[in-house]
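# Topology and contacts: notes
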Amino acid sequence: MLKVIINEDDQRVLKQFLSENRPAELVNTYLCFIENKFNLQPVLFPKEKKIYQSTEDAIKILENESKLWHETEIKIGFSNQAVNEQTTKIYICPFSGKVFGNNTHPNPQDAIYDWVSKCPENTERHGGLRVKRFHISEDPEVINSYIAKNKPKEPITKVVFSSVLSSKLFSSKQGVIDDFKKNYLKKLSLVEVQNQNRFEIEEHFLAFIRKQLAEDKITAFVEALAEIQEFTPYVERWIE
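The structure contained in this document is the topic of the report that follows. Note that the structure is a prediction, hence the values are computed from the model and not measured.

## Topic: the overall build of the protein
The helix and strand inventory of the protein stands at ten helices and twelve strands. The C-alpha radius of gyration of the protein comes to 27 Å, more than 25% above the 18 Å expected for a compact globule of 240 residues. The principal-axis extent of the C-alpha atoms belonging to the protein is close to 80 × 40 × 30 Å. Going through the 240 residues of the protein one by one, you find that 42% of them count as buried.

Quick look at the structure:
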């Protein structure tokens, strides 16, 4: 016979949930218990309208699908560039390495557009015209590479990582991942996951939820809760 153990931490979480959600439905209460028991931390990735079991799962799956980052190269020249310790965002020409800083040019985005459209090293064409392609970075390590005191005597090529989502450059994969976690995921509760129909649930997470919602498991939860006096009124109402 299936038996559910409700420990003190589970009881604390359930008491808080029941006090904040009056009257709380049985299934929602059970989902709250499951979320705490398995330490679930679901997240929504709005861009793909998909819910994952955790941030770690989202990162692992999206990395395997090459949807988070890709390697690219930037040129770091030896000529004086308009970047200093106060620069927080730079626009980089991928052909020549010329860079414009957000604090040293009145309109760096217009400047980079104008530059790449005329850059003699830009050999990429679309419809007979030079493509207006450039990189953007807010990563301090990438920006630091362009500060005059750190530039090499000869131009060098450096491998960096470009975010698939924002196209911004980062000096490491971890920088892309940190940006993804900060700006592209939304935390959800398991109750919110179950009670929505707008977003797709990642297949392994969906299988887990369905397995936990088996009738015998919910019944065992109610029976275990009934043995704790403080929860008896809730159990009686659910049974009625």
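## Side note on the sheet that holds strand E4 (residues 90–92)
With respect to topology, six strands assemble into an open sheet ordered E3-E9-E10-E8-E4-E5, the strand pairing being mixed. Every other strand in the sheet has two partners, leaving strand E3 (69–76) and strand E5 (99–101) as the edge strands with one partner each. When strand polarity is set aside, the average angle formed by the axes of neighbouring strands in this sheet is 40°. Where strand E9 (residues 156–163) and strand E10 (residues 168–170) come together, two bridges link them in antiparallel fashion. In the sheet register, Phe161 faces E10, and the bridge partner there is Phe170.

## So, the environment of Arg198
In this structure, Arg198 sits in the loop between helix H7 (190–194) and strand E12 (200–201). For Arg198, a relative accessible area of 67% puts it in the exposed group. With 148 residues separating them along the chain, Arg198 and Lys50 place their C-alpha atoms 9.1 Å apart.

## Regarding the packing of helix H9 (residues 215–226) against helix H10 (residues 232–239)
Put simply, H9 and H10 touch, their axes get as near as 8 Å, and they point 140° apart. In terms of orientation, H9 and H10 fall into the oblique class. As for how H9 packs across H10, the hand of that crossing is left-handed. Residue-level inspection shows Val222, Leu225 and Ala226 of H9 in contact with H10, the latter providing Thr232, Val235 and Trp238. Grouping the constituent residues of the contact of H9 with H10 by class yields five nonpolar, one polar and no charged.

Quick notes on the rules
- Residues numbered from 1 in each chain as written.
- Predicted model: local features only at pLDDT ≥ 70, side-chain atom pairs only at ≥ 80, totals over all residues.
- Heavy atoms only, no water.
- Helix = DSSP H or I, 4+ residues; strand = E, 2+ residues; numbered from the N terminus.
- Rg over C-alpha atoms; globule rule 2.2 N^0.38 Å.
- Buried < 20%, exposed > 50% of the residue type's maximum accessible area, 1.4 Å probe, protein only.
- Pairing = 2+ DSSP bridges.
- Axes fitted to C-alpha atoms, helices over the stretch in contact; angles between N-to-C directions.
- Parallel < 35°, antiparallel > 145°, perpendicular 65-115°, else oblique.
- Left-handed = near helix turned anticlockwise from the far one by under 90°.
- Contact = heavy atoms within 4.5 Å.
- Nonpolar A, V, L, I, M, F, W, Y, C, P; charged D, E, K, R; others polar.

From the geometry alone we can't say anything about function, so treat these as descriptive.
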